[in-house]
Structure formats: structure tokens, C-alpha cells
Amino acid sequence: SDLFPPEVARFLEGFPRRYLKTHAPAELLAHFRMAGELPANPVRLSLSRRHGHHRLLLLTTDHPFLFAAVTGTLAALGMNILKAEAFSNRRGIVLDTFLFDDLRGGLERNPRETERLLEAIEGAVLGKVDVAALIGMRLDSLPPGRTTFSVETRLRFQRAPTGASTLLEVEARDRPGLLYRISNVLSAHGCNIEVVLVDTQGHKAVDVFYITRGGGALDADWEAALDKELRRVLG
């Protein structure tokens with residue numbers, strides 16, 4: 001951040017090292033400029049296509065259920081999330097990126113589908129869309145799945161290296177709405193998602209969340225409560 005003007009350096013304060021290392025300086029400057037537009041436009045979105053996948057970039061101010069709202073909307077519209085990252089700075093600005101596939105191919109066939117997707121995401125972020133109802137309709141419309149494989153759900157809690165947050169690692173069978181289910185439980189229990197790293201390996205999802213509650217790491221009681229609820233929701 002020493003390479004940037006003071007106003008850009010202030011924007012970068014609080015973002016984790018991973019964010020700074022995985023984005024080129026030109027991208028950091030682009031994110032800074034997008035963040036400067038937030039007062040006039042509280043949700044900034046950018047959709048692009050890379051290596052055969054779609055990439056959604058979101059900048060907005062942090063608030064509860066934000067990550068759940070976006071992941072739920074993407075799943076409800078038939079998008080398969082392959083990777084996702086969510087970071088925030090000291091000013092409470094959130095930068096989320098989602099790499100996903102359009103399972104129905106509508107984004108490529110019809111430009112109106114891209115507009116519809118971005119409108120739905122913006123509405124969900126602003127609380128104008130009932131995401132739970134939206135994803136419920138999507139899941140109800142899916143044919144009964146024939147699961148020929150099994151992935152054991154595994155949850156692991158540990159104190160993050162800095163000690164200021166809790167690292168939650170979730171391994172589970174990949175399925176529509178999985179990220180929504182996990183992040184919805186975290187938000188319902190008053191947890192703030194500081195960083196999330198998501199990866200899909202075949203039929204297995206490996207999701208890592210850095211979470212806080214009340215500004216710090218979770219105690220044993222809250223870890224136990226989350227463990228119980230996540231196991232119930234994930235099955």
C-alpha cells in the first residue's frame with residue numbers, strides 16, 4: 001500500500017494480505033474508484049467472463065446476511081458457484097468476488113438475462129428481494145437428485161493466527177444453495193464473515209470462513225451452537 005497515494009492506501013487498510021497479493025495494482029485502483037462511487041450508488045457490480053466462467057465483483061458496505069443474500073440469489077438463478085472470496089476493509093466496505101457457471105446458458109444466449117441477474121443481486125443486497133423465498137422456489141423446481149456418492153460433512157473450528165477471529169472450515173457435499181445455507185446460519189447467530197474462501201473439488205465443497213462475533217473470536221459455547229445448527233442444516 002506504500003506504492004499508492006494516501007487516499008488509496010486508506011482504502012486498502014484492513015484488507016487481508018491475501019487480497020493485496022492476489023490482485024494487480026491496476027485492479028486495486030479500479031476497486032478504489034468503484035468504492036468512491038458508493039455514496040451515490042450503494043451497490044457496485046461488475047460482471048465479466050474469464051476462461052469460460054463468469055466472474056461477479058461486488059462492492060458495497062457491510063451488513064448482516066450480505067454474503068448469504070448474494071450466494072442465495074446466484075443459486076436461485078441457476079448459477080453454480082465454483083469459487084468465492086469476501087474481504088472487508090476498516091471502513092466497512094466489502095469486496096466480494098464470485099466465479100460461477102451458468103448451468104442453463106441464459107447469460108450467453110440473452111443479454112437481458114445479464115441485466116436480470118445484476119438487478120436481482122442488487123435487489124438482494126438492498127433487502128428488496130426475498131432471497132429465502134427465491135431459493136426455495138428454485139430448490140422445489142429441481143428434480144429429485146440421485147446421489148451416487150457420499151461426502152461426510154466435517155466442521156473444524158480453530159482460532160485464527162491473529163487471534164482476533166475464528167477459522168471455520170466446512171467440508172460437505174456440493175449442492176445448490178450450499179453456501180447460502182452456511183452463511184445464513186452464521187449471520188443468524190450474529191457472526192460477521194470477515195473473510196471467506198470457497199472452493200469446489202468435484203462433488204466436495206471446501207469452504208473456509210474467518211468469522212467474528214462481537215468484534216472478536218468465538219468462545220466454545222458459540223462454536224458448539226454453530227456446530228449443532230450447521231450439522232442440522234447440512235444433514
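The rules behind each value
- Residues numbered from 1 in each chain as written.
- Predicted model: local features only at pLDDT ≥ 70, side-chain atom pairs only at ≥ 80, totals over all residues.
- Heavy atoms only, no water.
- pLDDT = per-residue confidence, 0-100.
- Helix = DSSP H or I, 4+ residues; strand = E, 2+ residues; numbered from the N terminus.
- Buried < 20%, exposed > 50% of the residue type's maximum accessible area, 1.4 Å probe, protein only.
- Arc of directions from axis to C-beta.
- Contact = heavy atoms within 4.5 Å.
- Polar contact = N/O pair within 3.5 Å; in protein donor to acceptor, adjacent residues only side chain to side chain.
- Pairing = 2+ DSSP bridges.

### Quick look at the confidence of the model for the protein chain
For the protein chain, per-residue confidence averages 91 on the pLDDT scale, and 96% of positions sit at 70 or higher. The element-level mean pLDDT for the protein chain is lowest in helix H7 (residues 131-141), coming to 85, with strand S2 (residues 53-61) highest at 97.

### Thoughts on H7
Residues separated by three or four positions in an α-helix point in the same direction, a consequence of the helix having 3.6 residues per turn. Among the residues of H7, those classed as buried are Val131, Ile135 and Arg138. Projected onto a plane normal to the axis of H7, the buried residues spread over an arc of 55° and lie on a single side. In H7, the exposed positions that point more than 90 degrees away from the buried face belong to Met137, Asp140 and Ser141. The inward-facing, buried residues of H7 contact helix H4 (66-76), helix H6 (111-125) and helix H8 (178-188). Put simply, Asp130 is the residue that caps the front of H7, since its side-chain oxygen is 3.4 Å from the backbone nitrogen of Ala132.

### Brief notes about the pairing of strand S5 (residues 154-159)
Bridge count between S5 and strand S6 (residues 166-173): 6 bridges; the pairing is antiparallel. Bridge assignment links Arg154 to a residue of S6, and that residue is Glu171. Between S5 and the antiparallel strand that follows it, S6, lie 6 residues; Gly163 among them carries a positive phi value of about 80°.

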